[in-house]
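Structural overview for review
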Amino acid sequence: MRALDRKLARDLRAIWAQVLTIALVIACGTGGFIGSFATHDALTLARDTYYRDNRFADVFAYAKRVPLALESELRLLPDVAQAQVRAVQDALLDLPGVAQPAIGRFIGVAADEFETGLNSLRLRAGRLPLPGERAAA
């Protein structure tokens, strides 16, 4: 063993607590770094699964007036798997017990789009409206 190796061994024995602390800090930092990558991967997978299961659209475009004939042209664009044209209207909602009126967004959905359309509806309670059904006045 050379003289420098013996000195290194002696110095490490003298400062073993500091060396152990530095090793633990490095191990914790490495573990946190790996953990953040695992969390990112899990969140990305959860997002992609949710979007796929609910047929969430990748791109939204808003226009004041769009002819229905444009929908078939949109489907012909490269890399477009599905396209839908929907009527959207915002309205003020006067809710009991709420001081300021809320803004509701009403989105038209054709009867055949409830199950197969983009951005599928998830019903938590009640039932879906029947085709042609009007609200009771």
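Residues numbered from 1 in each chain as written. Predicted model: local features only at pLDDT ≥ 70, side-chain atom pairs only at ≥ 80, totals over all residues. Heavy atoms only, no water.

1. Considerations on a nonpolar patch on the surface
Taken together, the side chains of Tyr50, Tyr51, Phe56, Phe60 and Tyr62 define a hydrophobic patch exposed on the protein surface, amounting to about 570 Å² of accessible area. With respect to the element layout, Phe60 can be found in the loop between α2 (16-53) and α3 (69-75). (Patch = residues over 30% accessible without salt bridge, like charges linked within 9 Å, V, L, I, M, F, W, Y side chains within 5 Å. Areas by Shrake-Rupley, 256 points an atom, 1.4 Å probe, with all protein chains shown as cover. Salt bridge = Lys/Arg side-chain N within 4 Å of Asp/Glu carboxyl O. Helix = DSSP H or I, 4+ residues; strand = E, 2+ residues; numbered from the N terminus.)

2. Description of the packing of aromatic side chains
Two aromatic rings, taken as a pair, are described by how far apart their centres are and by the angle between their planes. Summed over all chains, the structure comprises three aromatic pairs. Site record: aromatic cluster; members linked through ring pairs are Tyr50, Tyr51 and Phe56. (Phe/Tyr/Trp six-rings, centres within 6.5 Å; stacked < 30°, edge-to-face > 60°.)

3. A look at the environment of Phe60
Take Phe60: its relative accessible area is 46%, and that puts it in the partly exposed class. For the pair Phe60 and Ala91, spaced 31 residues apart in the sequence, the C-alpha separation amounts to 20 Å. (Buried < 20%, exposed > 50% of the residue type's maximum accessible area, 1.4 Å probe, protein only.)

4. Considerations on the confidence of the model for the protein chain
Taken residue by residue, the protein chain gives an average pLDDT of 84. The fraction at 70 or more is 94%. In the model of the protein chain, helix α4 (residues 113-116) stands out as the element of lowest mean pLDDT, 67, in contrast to α2, which has the highest, 94. (pLDDT = per-residue confidence, 0-100.)

5. What about the pattern of salt bridges?
Overall, the coordinates contain five salt bridges when judged by the stated rule. The partner of Arg47 in a salt bridge is Asp48, and the shortest N-O contact between them spans 3.1 Å. Accessibility expressed as a relative area gives 42% for Arg47, which makes it partly exposed. Overall, the relative accessible area of 36% leaves Asp48 in the partly exposed class. Close ionic contact of Glu71 with Arg75 constitutes a salt bridge, the shortest N to O distance being 3.0 Å. Here Arg75 and Glu71 lie together in helix α3, a separation of four residues that amounts to about one turn. Look at Glu71 and you get buried, because its relative accessible area is 16%. Overall, the relative accessible area of 42% leaves Arg75 in the partly exposed class.

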